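Inside the fold
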Amino acid sequence: MKLLFLAAIRNGKHLALALFTLFSLLFLTAGDLMERLSLGLIANTGADFFTLFEAGGANKDRVSKKSLDQKWLEIDRHHKGYITKRDATHYISTHDSKNPLKWAFHKISSGFDIEKDITLLIIVLVSVALYKAIMLFVSRYATQLLATRITRDLRYQYFEHIQSLPMSFYQQHNMGSLSARAVGDAGQIASSLNSCLTNYLQTPFTIITALSACFYFSWKLSLVIFFGLPLIVFPIIFLTKRVKNISRQMQKNQESFSSMLLDFLGGIHTIKIFTMELFSLKKFKDQNDKMAELELKSARYSLLTRPILHMITTLCLAFVVIVGLYVLHMTLAQLLVFCALLHLFYEPVKKFAEENANIQRGVVAAERMFEVLLLKPNIQDKDGALELKEFSHSIEFKNVSFKYHDEWILKNLNFTIKKGEIIAIVGPTGSGKSTLVQLLPRLFDVQEGEIRIDGISLKDYTQKSLREQISFVPQKPFLFYDTIFENITFGRKFTLEDVEKASKQAFAHEFIDRLPKKYDFLLAEAGKNLSGGQQQRLAIARALVKNAPILVMDEATSSLDAISETYIKRSLNDLKGGLTQILIAHRLSTIEHADRIIYLERGEKIAEGTKDELLQTSPEFRKMWEYFHRIESKV
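Our subject in this report is the structure included herewith. Keep in mind that what you see is a predicted model, and the values were worked out from it rather than measured. (Residues numbered from 1 in each chain as written. Predicted model: local features only at pLDDT ≥ 70, side-chain atom pairs only at ≥ 80, totals over all residues. Heavy atoms only, no water.)

Okay, the nonpolar core next. Membership of the largest hydrophobic core comes to 44 residues, with the highest contact counts inside it found for Ile-484, Ile-488 and Leu-538. No other element matches the seven residues that helix α20 (residues 532-545) contributes to this core. Apart from the residues within four sequence positions on either side, Ile-484 is in contact with Ile-512, Leu-515, Lys-518, Tyr-519, Phe-521, Leu-523 and Leu-538. (Core = buried A, V, L, I, M, F, W, Y, C linked by side-chain atoms within 4.5 Å. Buried < 20%, exposed > 50% of the residue type's maximum accessible area, 1.4 Å probe, protein only. Helix = DSSP H or I, 4+ residues; strand = E, 2+ residues; numbered from the N terminus. Contact = heavy atoms within 4.5 Å.)

Pasting the structure below:
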């Protein structure tokens, strides 16, 4: 429960709206009370004979001649010889204080002749109905507005926070789980907070108000509430525990369900090629059936609450009617108002169970969302961190080691990259090449050793200024659902001229120029309407247009044909001296013109030097080079 309110107050602007929502709900409760009293006013037909002339005592169903004569003289004070209904009402309102409800009705009747002036009664009823309609709309709209804003802000805070978390976080969580929390859990939290407002603020106010009115009008009849209340509370407690447990299971299952669905949709190409539609359908069916089973369990417990409570409250109301009519001799109007007030008391209690089930779902959703929101990024800027405004001299790797899950990926690496150099990093698969270049922009932090830029440790720079100095082309290009221009500029303010220049360097302009809308051509999801080579060329253009002094290319030309690769190599060679390039490649033709080559194996630097030097001094590199050229010659 604490996490639910923590979610609400993460943005202080919500407090004012929450208070407004609360007061609107309280005013709505006042409207409910007025509505029920107005029903009694309609049903009140004035004083009946026995109410007017009974002498009190045990026999309330008979009137003696003596009592009649005595009361007649008291009512007919002006000796008119007759009694009007107004005289009788006035007498009861000034003499009968035993029943406050009766007194109130007669007081109103004595002040206003509702029977003769029906217009007044209509005005009262219309006013009450209009007031309740307005408060009903205001309270519901305010509640929905509060839910919408909390959901919006939670999604924003969640997305902002997960972007600050290191890459290790994304390796530990699947995308289906993260997306489910951003969409489903945030909405559930907001919905549950509205239920909290109803259950823990409006409901107590309604119950106290209705209970006070019931005891004021008839404390004897109100004792039935204490008989029915325990019968209502026990089912609520029992069912609430069940709903919370099932909600936790459902939301965990939703995560795996979403992840599995994303996996199958992402791998539909492989599924079709291997004709594994039945296999994927079976796995989906198993998860789907499990989900349906949990949903049915949740529905069973949630929907069982209302019938049980309805049965209990209906029996209590029937008991009230019997006692009120035949024991306490209440009039129909009095009994109608009392039952309406009792209904006003029981109705929020019955709704409490339903709202509580929703609250428990929100508690589980908040627990899941705050598992992420309360995580502290383990890569953070130091206090007083420096801004890296330009890259001037060199990048140094000094005794750098990195491990993941207790396995050392890189071990004691030492080398220096000077400004303007082209450095190639090669080695067999799993040697740690990609991990090495991800340490440079601090996507991960080293466990031992240090990386320096211009003699200063990376940890002494702000992450933003460090990454601004690096352009990165990953193995798998990321393209989003937008135009080619927006994909290349990637949120930065570049002109079309800048974009075209970078596209020509990346040998992308030639295919873009043939597209229907050229740079305004809309890409499909993940760039699926382009070939793999075209996607890579756009990713290279995006890196080049940034014009950062350090360019990292991680297998960036693996999907390119020989002609495209040759053109890009020429473009990058033209930038030699002004642009520091770090290239990772399996295709050794990409790195022929590198100033130096660093050969890695099992996370260790085996050799470093020019291509010719390594061919002479490194058997491992020579073997790789010869094998590559044998393959190329066969092709």
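Moving on: the sheet that holds strand β8 (residues 580-584). Read across the open sheet, the six strands follow the order β6-β7-β8-β3-β9-β10; overall the sheet is mixed. In this open sheet, the two strands that pair with only one neighbour each are β6 (470-473) and β10 (604-609). Taking the axes of each pair of neighbouring strands and ignoring which way they run, one obtains an average angle of 15° across the sheet. Both strand β7 (residues 550-554) and β8 contribute to a ladder of five bridges, which runs parallel. (Pairing = 2+ DSSP bridges. Axes fitted to C-alpha atoms, helices over the stretch in contact; angles between N-to-C directions.)

Once that is clear, we can look at the pattern of salt bridges. Between side chains of opposite charge, a pair can form as their charged atoms come close. Using the criterion set out here, one finds 13 salt bridges in the structure. Taking the shortest distance from any N to any O, the salt bridge between Glu-468 and Arg-492 comes out at 3.2 Å. Of this pair, Glu-468 sits in helix α16 (residues 463-468) while Arg-492 is found in the loop between α17 (484-489) and α18 (496-505), placing the two residues 24 residues apart along the sequence. The class of Glu-468 is partly exposed, set by a relative accessible area of 30%. Residue classification places Arg-492 among the partly exposed residues on the basis of a relative accessible area of 35%. (Salt bridge = Lys/Arg side-chain N within 4 Å of Asp/Glu carboxyl O.)

What follows covers the sheet that holds strand β2 (residues 407-418). Strands sit in the order β2-β1-β4-β5 across an open sheet of four strands; the sheet is antiparallel. Where the open sheet ends on each side, the last strands, each with one partner, are β2 and β5 (456-457). Pairing analysis gives eight bridges linking strand β1 (residues 394-404) to β2, with the strands arranged antiparallel. Considered in β2, the bridge of Phe-402 is made with Leu-410.

With that out of the way, let us pick up the environment of Lys-132. Within the element layout of this structure, Lys-132 appears in helix α7 (residues 118-164). On a C-alpha basis, the gap between Lys-132 and Gly-31 in space is 5.0 Å, while along the polypeptide they are 101 residues apart. Setting aside chain neighbours within four positions, we find Lys-132 in contact with Leu-28, Gly-31, Asp-32 and Glu-35.

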